[in-house]
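Examining the three-dimensional arrangement
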Amino acid sequence: MPAQTPPVGVKIATDIEYRPGNPNPHRARVRWVDPETKRRVSRSEMLPSEDAANAWLDRMRKAASRGITPATATMTLAEYGNSVWDLAMRGLEAKTLDPYRAGWRLRVVPALGHLQVPTVVNGLVDRAVYGWIADECGRSTVKNSLAVLVRVMEQALRDGLVDVNPARVSGWQQEYKRAEDELDDPRSLALPNWDALDRLAVALVARSADEFEGWGDVVRFEACTASRIGEVSGVRVKDINRDAWTWDLCRQTTTGPGGLIDKGTKGKRRRTVPIIPEIRPMVARRLDAAGRDPMARLFTGPRGGRITTAVLRDATHWDEVVVRLGYEHLRRHDLRHTGLTWMADAGVPLHVLRKIAGHGSLTTTQRYLHPDRRSIDLAGAALSAHLSGAEIHSQMAPETALGPKVVPEEQPRRHLRVVR
């Protein structure tokens, strides 16, 4: 690993060589003499055009004039962060370092670690942060991951690798709140029907390595129970009531210091979720395969590992599959929106839907309600009848009485009589 404080003004020699037949045929190369070892060292990069090669060489010259060796200037973010870790994290307490280290290893490096430090720009950081939010990382998790990136890039700014710190982004708190509130119109994110869900599950299995059927089971289970991917990963054999076909949802698998951990559900709300007939055979098959261990996980990856939204995305090439099926907007969390939308359309009462969803606010649950045009017309007719004193409530279609209701139906009045 090169020194963190290279000598100022190291002289470099540059050249560009054209190599036909290569997708990136222009090789840009810099060479210099290490003042400590007196050995000649070189770095090169294959680039698509001569202009790109010249731009790379200009960047190397600029770095060298600031006292940065080409070796340091061409480091990836992961390499650079590891080399300056102690310097960038100076002044932090040990209890703060643990979540920072986890954020660096589990989120920053997988998202941006392969990029050279000078190529990390604001737009890439924005996309990485929004990706963490979409993957259902907690607010403190996103904050810690962004904070450690800010410190590493601040050190890069001091070292002259970048001119501004691209990690100082704003607005992610509002984006997180939108995700936390499950958006203003979650119905628009739902799959239309069971056939669409089944096609998605089959396509994801076909695209995965060794066509692992477990990915399809996870997708169907999450949509049909309106749950989160972390909750699906956390379900154990003992949580399933095979007689009543219900799921005692009481835990989720999520990221934490040192890796994945199991903890209580979001909002610490325990809830009971029905298991519909369409997925009961699959659940029964998995219960039988798990054996008698009550703490065995019902859903795991092909090697027995725990599942996260990122694991599901990468293993099934999710982004590629949903675009091919015409669902470009679809995220893993939208399977939960799908289940809640279907339940609302099926007439599940609002207070029951709220308990199944585990929502803290009734307003959040109400976003899944979508009365059709006929219901709206009849509601207007009912109001007009009320104002005019006419009795036309009986015209309302019987099926409208089956939908979710905020106010309970009026009960028959009881008449008092005097007993002598």
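From a predicted model like this one, the values you see are computed outputs, not experimental measurements.

1. With respect to the packing of helix 10 (residues 214-225) against helix 12 (residues 280-290)
One can describe the packing of helix 10 onto helix 12 by two numbers: an axis separation of 11 Å at closest approach and a directional angle of 125 degrees. By the criterion of interaxial angle, the relationship of helix 10 to helix 12 is oblique. In this structure, helix 10 crosses over helix 12, and the sense of that crossing is left-handed. In this structure, helix 10 uses G214, D217 and F221 to contact helix 12, whose residues at the interface are M282, V283, R285 and R286. A per-class count over the contact of helix 10 with helix 12 returns three nonpolar, one polar and three charged.

2. Points about the pairing of strand 2 (residues 26-33)
One face of the sheet, then the other: side chains in a regular strand alternate in exactly this way. Relative to strand 2, strand 1 (residues 12-18) runs antiparallel, the two sharing seven bridges. By the bridge assignment for strand 2, D15 is matched with R29. Hairpin connection of strand 2 to strand 3 (residues 40-47): six residues between the antiparallel strands, including K38 at a positive phi of 65 degrees.

3. Brief notes about the nonpolar core
Counting 48 residues, the largest nonpolar core has L200, V219, V283, F299 and W318 as its most contacted members. Within the second largest apolar cluster, 45 residues are counted, among which are L77, L115, A147 and V150.

4. Here we look at the packing of aromatic side chains
Scanning the model with the defined rule gives four aromatic pairs in all. When the centroid spacing of 6.0 Å and the interplanar angle of 55 degrees are considered together, the rings of W85 and W104 count as tilted. Of the two residues, W85 sits in helix 4 (residues 85-88) while W104 sits in helix 5 (residues 94-112), which places them 19 residues apart along the sequence. Accessibility expressed as a relative area gives 13% for W85, which makes it buried. Taking the centre distance of 5.1 Å and the plane angle of 50 degrees together, the rings of F221 and W247 count as tilted. Of this pair, F221 sits in helix 10 while W247 sits in strand 5 (residues 246-249); the two residues are 26 residues apart in sequence, bridging distant segments of the chain. The exposure class of W247 is buried, given its relative accessible area of 1%. Taken together, F221, W247 and F299 form an aromatic cluster joined through their ring pairs.

5. Examining helix 10
Taking 1.5 Å per residue, twelve residues should reach 16 Å; helix 10 reaches 16 Å between its end C-alpha atoms and fits that length. For helix 10, the complete set of buried residues consists of G214, W215, G216, D217, V218, V219, R220, F221, E222, A223, C224 and T225. Looking one or two residues beyond helix 10, the residue adopting positive phi is A226, at roughly 55 degrees.

6. Topic: the pattern of salt bridges
Where charged atoms of side chains with opposite charge meet at close range, the side chains can pair. With the rule as written, the count across this model stands at 23 salt bridges. Residue D345 pairs with R187 through a salt bridge whose shortest N-O separation is 3.0 Å. Here the residue D345 occupies a position in helix 15 (residues 334-345), and R187 occupies one in the loop between helix 8 (172-180) and helix 9 (194-207), the gap between them amounting to 158 residues. According to the relative accessible area criterion, D345 is partly exposed, its value standing at 46%. Owing to a relative accessible area of 17%, R187 belongs among the buried residues under this scheme. The shortest N-O distance in the salt bridge between R286 and D217 comes to 3.1 Å. Of this pair, R286 sits in helix 12 while D217 sits in helix 10, and the two are 69 residues apart along the sequence.

7. Some remarks on unusual backbone geometry
In this structure, D210 is a non-glycine residue whose phi angle is positive, near 60 degrees. Positive phi, close to 50 degrees, is recorded for E211, a residue that is not glycine. Position of E211 relative to the elements: it lies in the loop between helix 9 and helix 10.

8. A word on the pairing of strand 3
Sheet topology places strand 2 next to strand 3; eight bridges connect them, and they run antiparallel. Counted as the bridge partner of V30 is R43 from strand 3.

9. Comments concerning the sheet that holds strand 5
Strand order in the open sheet made by the three strands is 4-5-8, with antiparallel pairing throughout. Two strands in the sheet have a free side with no partner beyond their single neighbour: strand 4 (240-241) and strand 8 (271-274). Strand direction decides the pairing type here: strand 5 and strand 8, joined by four bridges, are antiparallel. Each residue of the ladder has a partner; that of T246, found in strand 8, is P274.

10. Things to note about helix 1 (residues 50-65)
An ideal rise of 1.5 Å per residue puts 22 Å on 16 residues; helix 1 measures up with 23 Å between its terminal C-alpha atoms. Along helix 1, the positions that sit buried rather than exposed are A53, W56, L57, M60, A63 and A64. Buried residues of helix 1, viewed axially, fall in a sector of 120 degrees; they line one side. Set apart from the buried face of helix 1 by more than 90 degrees, the exposed residues are D51 and S65.

Thresholds applied
- Residues numbered from 1 in each chain as written.
- Predicted model: local features only at pLDDT ≥ 70, side-chain atom pairs only at ≥ 80, totals over all residues.
- Heavy atoms only, no water.
- Axes fitted to C-alpha atoms, helices over the stretch in contact; angles between N-to-C directions.
- Helix = DSSP H or I, 4+ residues; strand = E, 2+ residues; numbered from the N terminus.
- Parallel < 35°, antiparallel > 145°, perpendicular 65-115°, else oblique.
- Left-handed = near helix turned anticlockwise from the far one by under 90°.
- Contact = heavy atoms within 4.5 Å.
- Nonpolar A, V, L, I, M, F, W, Y, C, P; charged D, E, K, R; others polar.
- Pairing = 2+ DSSP bridges.
- Core = buried A, V, L, I, M, F, W, Y, C linked by side-chain atoms within 4.5 Å.
- Buried < 20%, exposed > 50% of the residue type's maximum accessible area, 1.4 Å probe, protein only.
- Phe/Tyr/Trp six-rings, centres within 6.5 Å; stacked < 30°, edge-to-face > 60°.
- Expected span 1.5 Å × (residues − 1).
- Salt bridge = Lys/Arg side-chain N within 4 Å of Asp/Glu carboxyl O.
- Arc of directions from axis to C-beta.

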